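# Per-entry structural report
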Amino acid sequence: QAFRVDIIREEEGALEFDMVGIDAAIANAFRRILLAEVPTMAVEKVFVYNNTSIVQDEILAHRLGLIPIRADPRLFEYRNQGDEEGTEIDTLQFQLKIKCSRNPQAAKESSDPNELYFNHKVYSKHMTWVPLGNQTDLFPDADFRPVHDDILIALLRPGQEIDVLMHCVKGIGKDHAKFSPVATASYRLLPDITLLQPIEDEAAEMLQKCFSPGVIEIQNIKGKKVARVANARLDTFSREVFRHEGLKNHVRLARVRNHYIFSVESTGILPPDVLVSEAIKILMGKCQRFLNELDSVPME
């Protein structure tokens, strides 16, 4: 009944929020769902028509698979087991076709590859979406592409080329890490710092240095410098204070046992707030299936 969620900081690719009033098992289940069970789209099959670069076909396919694709997985279905050919409802198709050549206008004494060659660096921006079936009609406003345009895939020299076709499918991080929608998803307990007695003057300044910036502030009260806990949330539990004999018995470090600080950093495929809401839906579905299983078991 006391459960609540507080949004602390929201940025383009990161979200920090508090979950208060839950058990550690629920917090960890939520974290694991974010890591391994929220689906995304990623390169699953790579059809190599020509690859004369120094990067082996297997390594090239592995690199392509790890490039995050900006595509909403909620628009697609899971591909059926054993299906070789993709359809417009379960597959995104990308093509990478590029060839390196010399720059005839380059200065003869130049040794800079950027001046000597054209297309000698293969980036994720060179991947282009090739619609399957009626995807052009299904997604008229879609902009399917890699999340970042500047991911370096390979280096080429004149005459070398790469010509591959990629199939992106829907999957989850439990099957392969390339499907994980988050770069990091972690939680920690809210720190609780208590000063057991007044700490003043030089001891107050020493105490302030023992903690992360912003945790302890010094106030001027009746001509004395007095330490107080300003923001325990910023503490990283370095335990530096216990190295000082004059301070270690005056401070108590603890954690609020049912207050979890979550940090979620998205890979860019979906905004972090969407990832959190999808993880909550998956957790609710798991709970509902568990309750249904309990109801289906005859009671003796």
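Residues numbered from 1 in each chain as written. Predicted model: local features only at pLDDT ≥ 70, side-chain atom pairs only at ≥ 80, totals over all residues. Heavy atoms only, no water.

Now for the overall build of the protein chain. Helix and strand content of the protein chain: six helices and 16 strands. A globule of 300 residues ought to have a C-alpha radius of gyration of about 19 Å, yet the protein chain, at 27 Å, is considerably larger. Each of the three principal axes of the protein chain carries a C-alpha extent, and together these read 80 × 80 × 35 Å. Relative to its 300 residues, the protein chain shows a buried fraction of 38%. Sequence separation of 24 or more characterises 75% of the internal contacts of the protein chain that already satisfy a separation of 6 or more. For the protein chain, the exposed area adds up to about 17600 Å²; of that, 50% sits on carbon and sulfur atoms. Computing the positive centroid from 36 side-chain charges and the negative centroid from 44, the protein chain places the two 6 Å apart. (Helix = DSSP H or I, 4+ residues; strand = E, 2+ residues; numbered from the N terminus. Rg over C-alpha atoms; globule rule 2.2 N^0.38 Å. Buried < 20%, exposed > 50% of the residue type's maximum accessible area, 1.4 Å probe, protein only. Contact = heavy atoms within 4.5 Å. Areas by Shrake-Rupley, 256 points an atom, 1.4 Å probe, with all protein chains shown as cover. Lys, Arg positive; Asp, Glu negative; His and termini not counted. Charge placed at Lys NZ, Arg CZ, Asp CG, Glu CD.)

Let's shift gears to the pattern of salt bridges. Charged atoms that come close allow side chains of opposite charge to pair. Summed over all chains, the structure comprises 16 salt bridges. Put simply, Glu 16 and Arg 9 hold a salt bridge, and the shortest N to O gap is 3.3 Å. The exposure class of Arg 9 is partly exposed, given its relative accessible area of 33%. As a salt-bridge pair, Lys 281 and Glu 278 come within 3.4 Å of each other at their nearest N and O atoms. Of the two residues, Lys 281 and Glu 278 both sit in helix 6 (residues 272-296), three residues apart, roughly one turn of that helix. What makes Lys 281 exposed here is its relative accessible area of 52%. Owing to a relative accessible area of 14%, Glu 278 belongs among the buried residues under this scheme. Members of the salt-bridge network, linked through shared partners, are Arg 9, Glu 11, Glu 16, Asp 18 and Arg 233. (Salt bridge = Lys/Arg side-chain N within 4 Å of Asp/Glu carboxyl O.)

A cluster of nonpolar side chains, contributed by Phe 3, Val 5 and Ile 7, occupies part of the molecular surface with about 280 Å² of accessible area. Relative to the assigned elements, Ile 7 resides in strand 1 (residues 4-10). With relative accessibility at 52%, the residue Ile 7 sits in the exposed group. (Patch = residues over 30% accessible without salt bridge, like charges linked within 9 Å, V, L, I, M, F, W, Y side chains within 5 Å.)

What follows is about unusual backbone geometry. Backbone geometry places Asn 119, a non-glycine residue, at a positive phi of 60°. By relative accessible area, Asn 119 is classed as partly exposed at 38%. Phi is positive for Lys 222, close to 55°, though the residue is something other than glycine. Along the chain, the position of Lys 222 falls in the loop between strand 14 (216-221) and strand 15 (224-229). The class for Lys 222 is exposed, based on a relative accessible area of 83%.

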